[in-house]
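The primary structure of each chain is shown beneath.
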Amino acid sequence: MNVKNLQIDNNGRLRHLLCISGLNHQLLTDILDTAESFAGVTEQTVKKVPLLRGKTIVNMFFEASTRTRTTFELAAKRLSADVLNINITQSSTSKGETLLDTLRNLEAMHVDMFIVRHADSGAAHFMAANVAPHISIINAGDGRHSHPTQALLDMFTIRRIKGPDFGRLRVAIVGDIQHSRVARSQIHALNLLNTGEVRIVAPKTLIPAYAETLGAHVYHDLCTGIQDVDVIIMLRLQRERMQGALLPSEHEYYELYGLTEEKLAYASDDVTVMHPGPINRGVEMDSEVADGPRSVILEQVTHGIAVRMAVMSMAMRQRQEVPE
Ligand code: CP
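Residues numbered from 1 in each chain as written. Predicted model: local features only at pLDDT ≥ 70, side-chain atom pairs only at ≥ 80, totals over all residues. Heavy atoms only, no water.

## Describing the sheet that holds strand E5 (residues 170-174)
So, step 1. The strand order E7-E6-E5-E8-E9 describes an open sheet built from five strands, whose pairing is parallel. Strands with a single pairing partner mark the edges of an open sheet, and in this sheet they are strand E7 (217-219) and strand E9 (272-274). This sheet shows a mean twist of 20 degrees between the axes of neighbouring strands, independent of strand direction.
So, step 2. Summarising the sheet, E5 and strand E8 (residues 231-234) pair through four bridges and their orientation is parallel. If you follow valine 171 over to E8, its bridge partner there is valine 231.
So, step 3. Sheet strands in contact with helix H7 (residues 181-192) are E5, strand E6 (197-201) and E8, and its direction is about 170 degrees off that of E5. (Pairing = 2+ DSSP bridges. Helix = DSSP H or I, 4+ residues; strand = E, 2+ residues; numbered from the N terminus. Axes fitted to C-alpha atoms, helices over the stretch in contact; angles between N-to-C directions. Contact = heavy atoms within 4.5 Å.)

The following block contains the structure:
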């Protein structure tokens, strides 16, 4: 089934969240607006709202995660849902159980939503196409394909700092575009929000062949690529997804593409520096930049809670009206 049909119901509401390209401008903006209301909740002394009381949410992470898994869990708990964290290394996946069988067995426990991270591109889409109609699937990162809630929290962060008019912004995404599900999702989100200019900056070996078709201008020189930009999003080298020698050495990569205070001077005076994490200090960026006044890296993590609360509550709102 077409991603848009799986992701959005006939009334234009969110069913599953699989990728940004399956959203439209209205729904993306609704998610950011809803997240804005939840950001207030997370800043209160009592951080809970009863929206998902009685619902059960399952965190299924087949790949490592620090930020995404914990902020999904916190977000679900702040919505008063019950949360199950499946420890994949101790689950029956290690005995050869298929993804579909794992899904069917957890479905039999009457759960309401799966949050899934998987090394295979398309895993979340596969689950959405096979899951019972009252259950929602939220993609927490699949292979090189998509990491939609990361892109949403990044857009939320940019909107909070720079305001809602993305049309006046130049945004550069720097690093390993080739292997990055985050970059792909960010480019789709920035284009849906009509960003003035989206640039990608990387060595030729780390830019996919179809880069221009994504709707971004390609640069291979860091200083030219970040010239006068308002936002720089740095990316990690995804060594775990690289096949063969795509780079001479991390030291040489840092010399050419590592963000330092000196190189930051090429960007706009009020440039904002972002990174989805985890950071490799001294590889893609200098600690002085990562911890400096332009960096909003930890704010991104905080915003992840409100954005994930928004996504889960919007998907469940639709589900509450689906007859079982
Ligand atoms: N940004 C991100 O996805 O981080 P984790 O891998 O720690 O979840």
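Further notes follow.
## Describing the pairing of strand E3 (residues 113-118)
So, step 1. Most of E3 sits inside the fold, with six of its six residues counted as buried.
So, step 2. The alternating pattern of E3 places Met113, Ile115 and Arg117 on one face and Phe114, Val116 and His118 on the opposite face, and all of these are buried.
So, step 3. Pairing geometry for strand E1 (residues 56-61) and E3, over five bridges, is parallel. Among the inter-strand pairings, methionine 60 is bridged to a residue of E3, identified as valine 116.
So, step 4. Note that E3 and strand E4 (residues 136-142) share five bridges and pair parallel. Counted as the bridge partner of histidine 118 is aspartate 142 from E4. (Buried < 20%, exposed > 50% of the residue type's maximum accessible area, 1.4 Å probe, protein only.)

## Brief notes about the environment of methionine 309
So, step 1. Inspection of the secondary structure assignment puts methionine 309 in helix H12 (residues 297-319).
So, step 2. Residue classification places methionine 309 among the buried residues on the basis of a relative accessible area of 0%.
So, step 3. Separated by 271 residues in the primary sequence, methionine 309 and phenylalanine 38 have C-alpha atoms spaced 6.9 Å apart.
So, step 4. When residues no more than four places from it in sequence are discounted, the contact partners of methionine 309 are Phe38, Val41, Thr42, Val49, Ala75, Arg78 and Leu79.

## Some thoughts on the site of the ligand
So, step 1. The local shell around the ligand consists of Ser65, Thr66, Arg67, Thr68, Arg117, His147, Gln150, Pro276 and Gly277.
So, step 2. Between the ligand and the protein, one listed contact pairs an oxygen atom with a backbone N or O atom of arginine 67 at 2.9 Å.
So, step 3. Taking arginine 117, its side chain carries an N or O atom lying 2.9 Å from an oxygen atom of the ligand.
So, step 4. Calculation on the ligand without its partners gives an accessible area of 260 Å², and the protein chains cover 91% of this total.
So, step 5. In this structure, the ligand is accommodated by the largest pocket.
So, step 6. By residue class, the composition of the shell around the ligand is one nonpolar, six polar and two charged. (Near = heavy atom within 4 Å. Polar contact = N/O pair within 3.5 Å; in protein donor to acceptor, adjacent residues only side chain to side chain. Areas by Shrake-Rupley, 256 points an atom, 1.4 Å probe, with all protein chains shown as cover. 1 Å grid on protein atoms, 1.4 Å probe; cavity = no way out; pocket = protein on both sides within 12 Å on 5 of 7 lines; lining within 4 Å. Sits in = over half its atoms within 2 Å of the grid points. Nonpolar A, V, L, I, M, F, W, Y, C, P; charged D, E, K, R; others polar.)

## Here we look at empty space enclosed by the protein
So, step 1. Counted under the stated rule, the structure contains one cavity of 30 Å³ or more.
So, step 2. The space that makes up the largest cavity amounts to roughly 60 Å³.
So, step 3. Along the walls of the largest cavity sit Arg67, Thr71, Gln150, Leu153, His275, Pro276, Ile297, Gln300, Val301 and Arg308, which together make up its complete lining.
So, step 4. For the lining of the largest cavity, the secondary structure elements donating two or more residues are helix H3 (67-78), helix H6 (148-162) and H12.
So, step 5. With four residues, H12 is the largest single contributor of residues to the lining of the largest cavity.
So, step 6. Class assignment of the residues belonging to the lining of the largest cavity gives a composition of four nonpolar, four polar and two charged. (Points joined across faces, edges and corners; volume = space filled by probe spheres on them.)

## As for the sheet that holds E4
Pairing between the strands of a sheet comes from backbone hydrogen bonds, and it takes one of two forms, parallel or antiparallel.
So, step 1. Pairing in this open sheet of four strands is parallel, and the strands run E2-E1-E3-E4 from one edge to the other. A single partner strand is all that each edge strand has here, and the edge strands are strand E2 (82-86) and E4. Shown here is a sheet whose adjacent strand axes are inclined to one another by a mean of 15 degrees, direction ignored.
So, step 2. Relative to E2, E1 is paired through five bridges, and the arrangement is parallel. Looking across to E2, one finds that isoleucine 57 is bridged to valine 83.
So, step 3. Across the sheet, H3 is in contact with E1, E2, E3 and E4; its angle to E1 comes to roughly 180 degrees.

## Overview of the layout of surface pockets
So, step 1. Each pocket or cavity is described by its volume, and for the largest pocket that value is around 400 Å³.
So, step 2. Residue composition of the lining of the largest pocket, by class: five nonpolar, nine polar and seven charged.

## Comments concerning the pairing of E5
So, step 1. Across the five residues of E5, four count as buried, placing the element largely inside the fold.
So, step 2. Pairing of E5 with E6, which is carried by five bridges, proceeds in the parallel orientation. Within E6, the position partnered with alanine 172 by the bridge is arginine 199.
So, step 3. What joins E5 to E6 is H7, and the crossover it makes is right-handed. (Right-handed = clockwise from strand over helix to strand, strands pointing away.)

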